[in-house]
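# Summary of the model geometry
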2 protein chains.
Amino acid sequence: MGPVGVGIAGLGVVGSGTVNVLTRNADEITRRAGRDIRVVTAAVRDLERERDCDVSGIELTTDPMKVATSPDVEVVVELMGGEGVALEVVMAAIAAGKHVVTANKALIASHGNEIFKAAQDAGVTVAFEPAVAGGIPIIKAIREGLAGNRVEWLAGIINGTSNFILTAMADGEGTFDDVLAEAQRLGYAEADPTFDVEGVDAAHKLTILASIAFGIPLQFDKVYIEGISKLAGVDVDYASELGFTIKHLGIAARRDNGIELRVHPTLIPKRRLIANVDGVMNAVLVCGDAVGQTLHYGAGAGADATASAVVADIVDVVRALTTDPDNRVPHLAFQPGKLADLPILDVNESRTAYYIRIAAVNRPGVLAEVTRVFGDSNISIETILQKGSGKSEEVLPIILLTQRTIEKNIDQAIEKLESLDDIVGSVVRLRVEHLSE
Amino acid sequence: MGPVGVGIAGLGVVGSGTVNVLTRNADEITRRAGRDIRVVTAAVRDLERERDCDVSGIELTTDPMKVATSPDVEVVVELMGGEGVALEVVMAAIAAGKHVVTANKALIASHGNEIFKAAQDAGVTVAFEPAVAGGIPIIKAIREGLAGNRVEWLAGIINGTSNFILTAMADGEGTFDDVLAEAQRLGYAEADPTFDVEGVDAAHKLTILASIAFGIPLQFDKVYIEGISKLAGVDVDYASELGFTIKHLGIAARRDNGIELRVHPTLIPKRRLIANVDGVMNAVLVCGDAVGQTLHYGAGAGADATASAVVADIVDVVRALTTDPDNRVPHLAFQPGKLADLPILDVNESRTAYYIRIAAVNRPGVLAEVTRVFGDSNISIETILQKGSGKSEEVLPIILLTQRTIEKNIDQAIEKLESLDDIVGSVVRLRVEHLSE
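Keep in mind the model is a prediction, meaning the values are calculated, not measured. (Residues numbered from 1 in each chain as written. Chains lettered and ligands numbered in written order. Predicted model: local features only at pLDDT ≥ 70, side-chain atom pairs only at ≥ 80, totals over all residues. Heavy atoms only, no water.)

## Quick notes on unusual backbone geometry
Under the convention used in this document: Each helix is a run of DSSP H or I of at least 4 residues and each strand a run of E of at least 2, with the numbering of both proceeding from the N terminus. Think of it in three bands: residues with accessible area under 20% of the maximum for their type are buried, residues over 50% are exposed, and the middle band is partly exposed, with areas taken using a 1.4 Å probe on protein chains only.
Non-glycine residue asparagine 378 of chain A carries a positive phi angle of around 70°. The topology assignment puts asparagine 378 of chain A in the loop between α13 (366–376) and β14 (381–386). Looking at asparagine 378 of chain A, the relative accessible area reads 67%, which means it is exposed. The backbone of alanine 333 of chain B shows a phi angle near 75°, a positive value even though the residue is not glycine. With respect to the secondary-structure elements, alanine 333 of chain B resides in the loop between α12 (303–319) and β13 (351–361).

Put into structure tokens, the structure is as follows:
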């Protein structure tokens, strides 16, 4: 059979990487897929700009809709980003009967339900491995490799920028602002880093992971999101002293009454493998009832690593071209119409352990006062660390690790603590996950 | 559509686990696969024996051939082990037009080429995810998730028994013999542990991983195999002092002139994630030209973890039931007829770094003699550690780490060293992999 025609909408870093990988590994890829895979057209913003890939033989256009509907194209690769034109392009490609591969996590997290519905109706596949954790085949692992499991929970380092910053902070390289500036200098953080450091990007990815893990519709708006921009170096240090590393995790967990979806800085015991995932690398820990814990680690971004996932999806699509559309691997891992309506729990219903830092006036009895507040809120304390000892200090930090409790109990305790005369300023609260079950 | 009938040949630990997982997660699995999956028959050795699973509704027989050919069965799960009857059962199932799922690494490593040829001719699939690294979906990751890559090398902790023993030795829990006895007591090692501790089991798995990574035929007989039974605790300690952990790795690497396939104890820098994979856990590190390094970690054995992979393969088979047989995911990741005839290199052609321990007479000039031997064999020394200092000692250990070289150079150097008057006994040689490229 002849080659499979691919059209790429967006020839930036990942687009160029995709062309390069398809060219460089053409022989191996054809031997795997059983068909030649050829990029025939690509949409770019500026036809004159120099490219990071060889575009000879590729018809360039400034109109992504032309790529989406070109009769020479069987697979449309959407790499424009954003939720405006990208959505139009994907829907046009589906309407034209094309399969789609996309790296666009925002698009899938926010519009995936309608996109997959349209794709199902049209009998085409919309693949999105590159949208989560770059080159790590985590979508495939959960959707297919762990298909025998009831997934209990998953926790992922799914934003390389945040992990780079947290790693540098843990290595004593400076405050959040210092290491953010360094990350920007190295190209690991955008000029406007909000999406990465405030957790929005991670929440997009978590939305997708949770959907395929639990068989629930995509519900980005229900994810609790907390970034790392307010994380103080002193808490990184105290956490370390207590045997923990702080990572920015996306966590999805099944509870008796629904699903928790939350993104926040998290203390993890240092001895856990995922606590040692450093720099811009990503890793996702998945706990299934049969398999136990599996960890999937690799590069979460970068031209070639993301291109690896794009090409894998193209090969997948090619390998399933003859499959009856109603019998393909379902977009969200579960058959359409068989998604569960498990409720997403409000964050104040979530259950986890906590790290609490309090600035307390240095006088006898203050510790008793503090611990009584936790007792009154029905929270068990695991560890207390009281820092400083010199009588000259008027305010001392008290650090506590609690056992697992419901977040609203902690909120209540913090409110009470902050109302005490002997407590100065705000109480710092971070979540702790032991990841042991 | 009606349920998919499954027949299980062998209802031991993994077989019972498979029945349990299919029963427990029936609802989720059906929602994923789009069909009910039902175990209709199973072959057992002893009909009277008590089972670890509920066999009501399952027709039991002592004849696995009946399972292989039952008209009620679409998918045959082979969990008997061995290469005798198991091969007959698999070939009979294929001949009867059944799809097959097997956890039998020895069978695939030694007879896979003929099995896959027969399956291809019959238009059926033989799936073998459970044969390598238990519940970790590593076959799927390499065969599909990394399909855009030229795989450069892979290195895996793929035998839980050996890793349990090495972890215990590193933790100072005793000699090889001590911790083997403990592993046997805990059920992590067989009464006859030869297959595990001498590396045969790991070699079976490495054979399979290398085949799907590089697109080469299965060639178990060409794997270099070295076990851990001769590993001395003193070398575990010196390695640790030098910043390394010793793991039993299966390594497959692409070189300019062919493929290296070797299983042996290996020093790995402690800071590598895979160096921290402890106890009975497994992990496979894969380096692709596009994705860079990915690590895949999880339980390598156990009833439920292996059942997880069995069920995933069954779901895969069901999801591809309507796919044109010539267009399915190929058994060995590359299209049949498109496998490469890259030569497997003899171990003396392999390139790696080495740890060398020498017992030398304590007299001036001996270090110069030793280092001259390495220079003469064109081997650069990275680190020298000379232990002991008291004049009372007549023989002192010298430990060296070399830079990368060809194994035959090391063989030559060791031969020369052992012929020196000042060197006592045999030279200890272990391989070192930095896993950094």
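## Remarks on the pattern of salt bridges
How we decide: Note on definitions: salt bridges are taken to be side-chain nitrogens of Lys or Arg within 4 Å of carboxyl oxygens of Asp or Glu.
What the rule picks out here adds up to 54 salt bridges over all chains. Glutamate 349 of chain B serves as the salt-bridge partner of lysine 408 of chain B, at 2.9 Å between the closest nitrogen and oxygen. In this pair, lysine 408 of chain B is assigned in helix α14 (residues 407–419) and glutamate 349 of chain B in the loop between α12 and β13, connecting sequence segments 59 residues apart. If you follow the salt bridges from partner to partner, you end up with Lys140, Arg143, Glu144 and Asp316 of chain A together with Lys140, Arg143, Glu144 and Asp316 of chain B in one network.

## Structural notes on the relation of the copies chain B and chain A
The condition that has to hold: Residues reaching a pLDDT of at least 70 in both copies supply the C-alpha atoms on which the copies are superposed by least squares. Whether two residues are in contact is decided by their heavy atoms, any of which lying within 4.5 Å being enough.
The two copies are related by a screw motion: chain B maps onto chain A through a turn of 180° and a shift of 0.0 Å along the axis, at an RMSD of 0.0 Å. On the angle and the small slide along the axis, the relation comes out as a two-fold axis. Identified as the residue of chain B closest to the rotation axis by C-alpha distance is threonine 323 of chain B, at 2.0 Å. In this assembly the copies share their binding face: 100% of the residues contributing to the interface of chain B also contribute to that of chain A.

## A closer look at the packing of helix α1 (residues 13–24) of chain B against α12 of chain B
The relative placement of two packed helices is expressed as an angle between their axes plus a distance between the axes. Residue and element names in this part refer to chain B. Put simply, the rule is: What counts as an axis is a line fitted to C-alpha atoms, over the stretch in contact for a helix, and the angles between N-to-C directions run from 0 to 180 degrees. Two helices crossing with the near one rotated counterclockwise from the far one by less than a right angle form a left-handed crossing, whereas a clockwise rotation gives a right-handed crossing. In the scheme used here, Gly and all other residues not listed as nonpolar or charged are polar, with Ala, Val, Leu, Ile, Met, Phe, Trp, Tyr, Cys and Pro taken as nonpolar and Asp, Glu, Lys and Arg as charged.
At a minimum axis distance of 8 Å, the contact between α1 and α12 shows a crossing angle of 65°. The way α1 lies across α12 gives a crossing that is right-handed. Together, Val13, Val14, Gly17, Thr18, Val21, Leu22 and Arg24 of α1 and Ala303, Asp304, Thr306, Ala307, Val310, Val311 and Ile314 of α12 make up the contact between the two elements. Its residues assigned to classes, the contact of α1 with α12 shows nine nonpolar, three polar and two charged.

## Looking at the sheet that holds strand β2 (residues 37–43) of chain A
Residue and element names in this part refer to chain A. Test applied: We call two strands paired when DSSP finds no fewer than two bridges between them.
Judged by pairing direction, the sheet is parallel, and its six strands sit side by side in the order β3-β2-β1-β4-β5-β6 without closing on themselves. For this open sheet the edge positions go to β3 (59–61) and β6 (126–127), each flanked by a neighbour on one side alone. Inspection of the sheet shows strand β1 (residues 4–9) paired to β2 by six bridges, in the parallel sense. Considered in β2, the bridge of valine 6 is made with valine 39.

## Thoughts on the environment of alanine 95 of chain A
Structurally, the position occupied by alanine 95 of chain A is in helix α4 (residues 85–95). In the structure, alanine 95 of chain A is positioned 29 residues away from valine 124 of chain A in sequence and 9.3 Å away in space, judged by C-alpha atoms.

## Quick word on helix α4 (residues 85–95) of chain B
Residues and elements named next belong to chain B. Looking only at α4, the buried set comprises Ala86, Leu87, Val89, Val90, Ala92, Ala93 and Ile94. On its buried face, α4 sits against β1 (4–9), α3 (64–69), β4 (75–78), β5 (99–102), α5 (105–122) and β6 (126–127). Taken from the residues just after α4, glycine 97 is the one with a positive phi, measuring 80°.

## Overview of the nonpolar core
Stated formally: Residues belong to one nonpolar core when they are buried, are Ala, Val, Leu, Ile, Met, Phe, Trp, Tyr or Cys, and are joined through side-chain atoms within 4.5 Å. Domain limits in this description derive from either an automatic procedure or a database domain assignment.
The biggest cluster of nonpolar side chains holds 59 residues, and the ones touching the most others in it are Phe128, Ile138, Ile208 and Leu209 of chain A. Going through the elements one at a time, α3 (64–69), α4, α5 (105–122), α6 (138–145), β7 (151–157), α10 (200–214), β10 (258–269) and β11 (281–288) of chain A are the ones with two or more residues in this core. Broken down by element, the residue count for this core peaks at nine residues, all from α10 of chain A. The residue makeup of this core includes at least three contributed by each of domain 1 (4–134 + 303–327) and domain 2 (138–298) of chain A. When near neighbours in sequence (up to four residues on either side) are disregarded, isoleucine 208 of chain A contacts Lys105, Ile108, Ala109, Phe128, Ala131, Val132, Ile139 and Leu218 of chain A. Ranked by size, the runner-up nonpolar core spans 58 residues in total, among them Ala9, Ala93, Ala109 and Leu154 of chain B.

## Quick word on the sheet that holds β1 of chain B
Residues and elements named next belong to chain B. The strand order across the open sheet built from six strands is β3-β2-β1-β4-β5-β6, with neighbouring strands paired in parallel fashion. Of all strands in the sheet, those with a lone pairing partner are β3 (59–61) and β6, marking the two edges. Relative to β4, β1 is paired through four bridges, and the arrangement is parallel. For glycine 7, the partnering residue across the bridge sits in β4 and is valine 76.

## Re the interface of chain B and chain A
Filter applied, for reference: We define buried area as the total accessible area lost by two parts upon association, computed with a 1.4 Å probe and summed across both. Pairs of N or O atoms are called polar contacts if they sit within 3.5 Å, as long as, within protein, a hydrogen donor faces a hydrogen acceptor (for residues adjacent in sequence, only side-chain-to-side-chain pairs).
Between chain B and chain A, the residue contacts involve 65 residues of the former and 65 residues of the latter. With both chains or domains summed, chain B and chain A bury close to 4900 Å², and 50% of this area falls on carbon and sulfur atoms. It is Arg31, Arg32 and Arg319 of chain B that lose the most area in chain B upon contact with chain A, and together they represent 17% of the buried surface on that side. Taken together, the connections running from chain B to chain A amount to six salt bridges. Linking glutamate 28 of chain A and arginine 254 of chain B is a salt bridge whose minimum nitrogen-to-oxygen distance equals 3.1 Å. At the boundary of chain B with chain A, the tally comes to 41 residue pairs in polar contact (both at pLDDT 80 or more). Listing elements by their share of the side of chain B that touches chain A, those giving two or more residues are α1, α2 (26–33), α6 (138–145), α10 (200–214), β12 (292–299) and α12 of chain B. In terms of residue count, the dominant contributor to the side of chain B that touches chain A is α12 of chain B (nine residues). As judged from the three bridges shared by strand β12 (residues 292–299) of chain A and β12 of chain B, these two strands associate in the antiparallel manner.

## Some points on the domain arrangement of chain A
Residues and elements named next belong to chain A. Considered domain by domain, chain A is made up of domain 1 (4–134 + 303–327), domain 2 (138–298) and domain 3 (350–432). A separation of 27 Å is found between the C-alpha centroids of domain 1 and domain 2. In this complex, domain 1 contributes 14 residues to the contact, which on the side of domain 2 involves 16 residues. Across the interface of domain 1 and domain 2, roughly 1300 Å² is buried in total on both sides, 65% from carbon and sulfur atoms. On the domain 1 side of the interface with domain 2, the three residues burying the most area are Ala109, Glu129 and Val132, jointly 38% of the side's total. The interface formed by domain 1 and domain 2 includes one salt bridge. When the shortest N-O distance is used, the salt bridge between lysine 140 and aspartate 316 registers 2.8 Å. Seen at the junction of domain 1 and domain 2, the total is five residue pairs in polar contact (both at pLDDT 80 or more). No other element matches the eight residues that α5 contributes to the side of domain 1 that touches domain 2. Taken together, the residues of the side of domain 1 that touches domain 2 sort by class into eight nonpolar, three polar and three charged.

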